[in-house]
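# Coordinate analysis (summary)
Next come the chains, spelled out residue by residue.
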Amino acid sequence: MFILSSSDTVPLYKQLYNQIRDLILSGKLPADSKLPSVRHLANELSASCNTVDGAYQELYAEGYIYSRPRSGYFVSALDQEMAPHATTSAKLGRNDFLPPPPARFAYNFHPARLDQESFPAALWRKCLIEGLRGNSKELSHYGDLQGDWRLRCSIQSYLEKSRGVMCDPEQIVVSSGLHQGLEIVAQLLKDDHSVVGVEDPGYHLPRAVFENHAYTIRPVPVGQSGIELNQLKAGDATIVYVTPSHQLPLGYVMPVANRLALLEWAESGGNFIIEDDYDSELRYQGNPIPSLQGIRPTGNIIYSGTFSKILSPALRLSYLVLPYSLLGAYRQRYGSYNCSVSLVEQRAMACFMEQGHWERHIRRMRTVYKKKHDILLRCVEASFGKRAVVIGQGAGLHVVIRLHVTPLSEAEIIAKGRQKGIGLVRFSDFHATGNCENVTLMLGFGGLTGNEIEQGITLLSQIC
Ligand SMILES: Cc1ncc(COP(=O)(O)O)c(C=O)c1O
């Protein structure tokens, strides 16, 4: 009997194909034995005829079975000695090194998920085609090493207008995500720097990248005004990674007095600031907070931006703005490295920006996410009441709630949530020590519908 699982990531017809093929290869289905009719097997498996037919067609195309007119399908004669051994992934030992498929949750509160209906597929397709049509000859050679010039010009004018970043396109490096941008920064600075200050709690990725480059990591506590400057100044870090316009994960905004003090720290000590401006387009009250880089465009600030929060994290499209002081070193070290993002995607993005779709899309997404954000806050208030304190609302794709009276630990809440179909990330992973004193939950709302947010929060409140 065959077992098909609809929660498996392998399509049903392929699961059936694999199981029949393994029986044939192992000799358990001998040559010339007749396979059940498509309709009969579909009935038996409660599957569709298409599923069974798809499996049979593939087995037939590969010669595992043959057909007799008006009689059906039969197993082909194979030389068992010569036949390839049935190769399930378990036999290959693959399970030892393949990560498990991502769990599917009915209510996935992961903070990096975007609205599932909002990718502008038709416009993107149009921009891909226009990018190809006008420039197909350019696909016969390598593109600009630092990133497509047209895209860099579009990014420059967007950053100036919307984020207050003042730069030239020649300072922009197109990269395929924050980690790749930070790899470049880690290489560029390692001759003169060895200690990096990071926000604590903060994003784990900068810690990982700089650790891989043998830097020492100094976690610096975060208060309501962002990273604690006194502690940064008291330490030995000469590079700091910050998210000043929307601190990840707590959502705080660094006030201008602290921004000026941070700039002063960089200037007076020859230190570097990495400003990660990952999602600051998404502010639901007031205007987006202008960047730190814009206050001191000639300072030692490496600005990092991404298209992952508004458009799609799957595109792997991001950028750095390097200060002029690092451009020489960049060209020396990376002068022969090719850009890691496909020119086709870069041209599509340039076209998307030039035609005004990007700014319209930002406005649209702000409305979509504000709605979800407001629903989430309403539901937390209704379901948790005084049991939860909300932190970091008003921006981005998540809020954080702190639970003061729950009898459960973070691990217990996550485990119970899983059983109810609720996906939660471990907030303690944002702490450099991996521990968090209070039970704190990060509630991403981007990938959920309004109804799912309501149901998920109600269920969650019953668990906690
Ligand atoms: C703080 C922060 N920066 C940047 C990013 C985006 O990174 P990428 O451009 O690699 O998708 C994320 C994604 O979740 C993030 O949380």
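Residues numbered from 1 in each chain as written. Predicted model: local features only at pLDDT ≥ 70, side-chain atom pairs only at ≥ 80, totals over all residues. Heavy atoms only, no water.

Among the UniProt annotations of the protein, the heading Sequence similarities (unreviewed entry) holds the following wording: "In the C-terminal section; belongs to the class-I pyridoxal-phosphate-dependent aminotransferase family." (UniProt positions renumbered as here; feature names shortened; annotations may be inferred.)

### Re the overall build of the protein
A tally of regular secondary structure across the protein gives 14 helices and 15 strands. With the C-alpha coordinates of the protein rotated into their principal frame, the extents come out at 85 × 60 × 40 Å. Across the 464 residues that make up the protein, the buried fraction comes to 49%. Considering only residue pairs separated by 6 or more positions, the protein has 72% of its internal contacts joining residues 24 or more positions apart. (Helix = DSSP H or I, 4+ residues; strand = E, 2+ residues; numbered from the N terminus. Buried < 20%, exposed > 50% of the residue type's maximum accessible area, 1.4 Å probe, protein only. Contact = heavy atoms within 4.5 Å.)

### Here we look at the UniProt feature "domain: HTH gntR-type" (unreviewed entry) in the protein
The sites that UniProt annotates as "domain: HTH gntR-type" (unreviewed entry) are residues 10–78. With 51% helix and 12% strand, residues 10–78 has its two end C-alpha atoms placed 26 Å apart.

### A closer look at a nonpolar patch on the surface
A contiguous nonpolar patch, built from Val 256, Leu 260 and Ile 295 and spanning about 230 Å² of accessible area, is present on the exposed surface. Note on placement: Val 256 falls in helix 9 (residues 256–269). (Patch = residues over 30% accessible without salt bridge, like charges linked within 9 Å, V, L, I, M, F, W, Y side chains within 5 Å. Areas by Shrake-Rupley, 256 points an atom, 1.4 Å probe, with all protein chains shown as cover. Salt bridge = Lys/Arg side-chain N within 4 Å of Asp/Glu carboxyl O.)

### A few points about the nonpolar core
If you look at the biggest cluster of nonpolar residues, it comprises 60 residues, and the most contacted ones within it are Met 349, Trp 358 and Leu 443. Sort the elements by how many residues they give to this core and helix 12 (residues 357–384) lands first, with nine residues. Looking at this core, you find at least three residues from each of domain 2 (107–117 + 360–463) and domain 3 (134–355). Counting residues in hydrophobic clusters, the runner-up holds 26 residues, among them Ile 217, Tyr 241, Ile 274 and Leu 322. (Core = buried A, V, L, I, M, F, W, Y, C linked by side-chain atoms within 4.5 Å. Domains from an automatic or database assignment.)

### What about the side chain of His 431?
Relative to the assigned elements, His 431 resides in the loop between strand 14 (422–423) and strand 15 (439–444). Look at His 431 and you get buried, because its relative accessible area is 16%. Once residues lying within four places of it in the same chain are set aside, the contact partners of His 431 are Asp 200, Pro 201, Arg 207 and Cys 436.

### As for the pairing of strand 1 (residues 65–68)
Inspection of the sheet shows strand 1 paired to strand 2 (residues 72–75) by four bridges, in the antiparallel sense. Its bridge partner being in strand 2, Arg 68 is matched across the sheet by Gly 72. Linking two consecutive strands that pair antiparallel, namely strand 1 and strand 2, is a turn of three residues; a positive phi of about 60 degrees is found at Arg 70 within it. (Pairing = 2+ DSSP bridges.)

### A few points about the domain arrangement of the protein
Split into domains, the protein comes out as domain 1 (12–96), domain 2 (107–117 + 360–463) and domain 3 (134–355). Computed from C-alpha coordinates alone, the two centres of domain 1 and domain 2 are separated by 45 Å.

### So, the site of the ligand
The ligand sits among Gly 177, Leu 178, Tyr 203, Tyr 241, Leu 248, Asp 276, Tyr 278, Thr 306, Ser 308, Lys 309, Arg 316 and Ser 318. Residue Asp 276 places a side-chain N or O atom 2.5 Å away from a nitrogen atom belonging to the ligand. At 2.6 Å from an oxygen atom of the ligand is found a side-chain nitrogen or oxygen belonging to Ser 308. Bound to the protein, the ligand loses 90% of the 390 Å² it would expose on its own. When grouped by side-chain class, the residues that make up the shell around the ligand number five nonpolar, four polar and three charged. (Near = heavy atom within 4 Å. Polar contact = N/O pair within 3.5 Å; in protein donor to acceptor, adjacent residues only side chain to side chain. Nonpolar A, V, L, I, M, F, W, Y, C, P; charged D, E, K, R; others polar.)

### Some thoughts on the environment of Leu 29
Structurally, the position occupied by Leu 29 is in the loop between helix 1 (12–25) and helix 2 (38–45). Sequence separation of Leu 29 and Ser 76 is 47 residues, and the distance between their C-alpha atoms is 9.7 Å. Other than its neighbours up to four places away in sequence, Leu 29 contacts Ile 20, Leu 23, Ile 24, Leu 35 and Val 75.

### Here's the deal with the sheet that holds strand 12 (residues 388–391)
Taken together, the three strands give an open sheet; going across it, the order is 12-13-15, and neighbouring strands pair in antiparallel fashion. Strands with a single pairing partner mark the edges of an open sheet, and in this sheet they are strand 12 and strand 15. On average, adjacent strands in this sheet sit at an angle of 25 degrees to one another, irrespective of strand direction. Summarising the sheet, strand 13 (residues 398–403) and strand 15 pair through six bridges and their orientation is antiparallel. Paired with Leu 403 across the bridge in strand 15 is Val 439. (Axes fitted to C-alpha atoms, helices over the stretch in contact; angles between N-to-C directions.)

### Observations concerning helix 4 (residues 121–135)
Taking 1.5 Å of rise per residue, the 15 residues of helix 4 would be expected to cover 21 Å, and the 21 Å separating its terminal C-alpha atoms lies within 8% of that figure. Taken as a whole, helix 4 has its buried residues at Trp 124, Cys 127, Gly 131 and Asn 135. When helix 4 is viewed along its axis, its buried side chains cluster within an angular range of 60 degrees and face the same direction. Those residues of helix 4 that are exposed and aimed more than 90 degrees away from the buried face are Ala 122, Arg 125 and Arg 133. Looking at the buried positions of helix 4, the neighbouring elements they touch are helix 5 (149–163), helix 11 (343–354) and helix 12. (Expected span 1.5 Å × (residues − 1). Arc of directions from axis to C-beta.)

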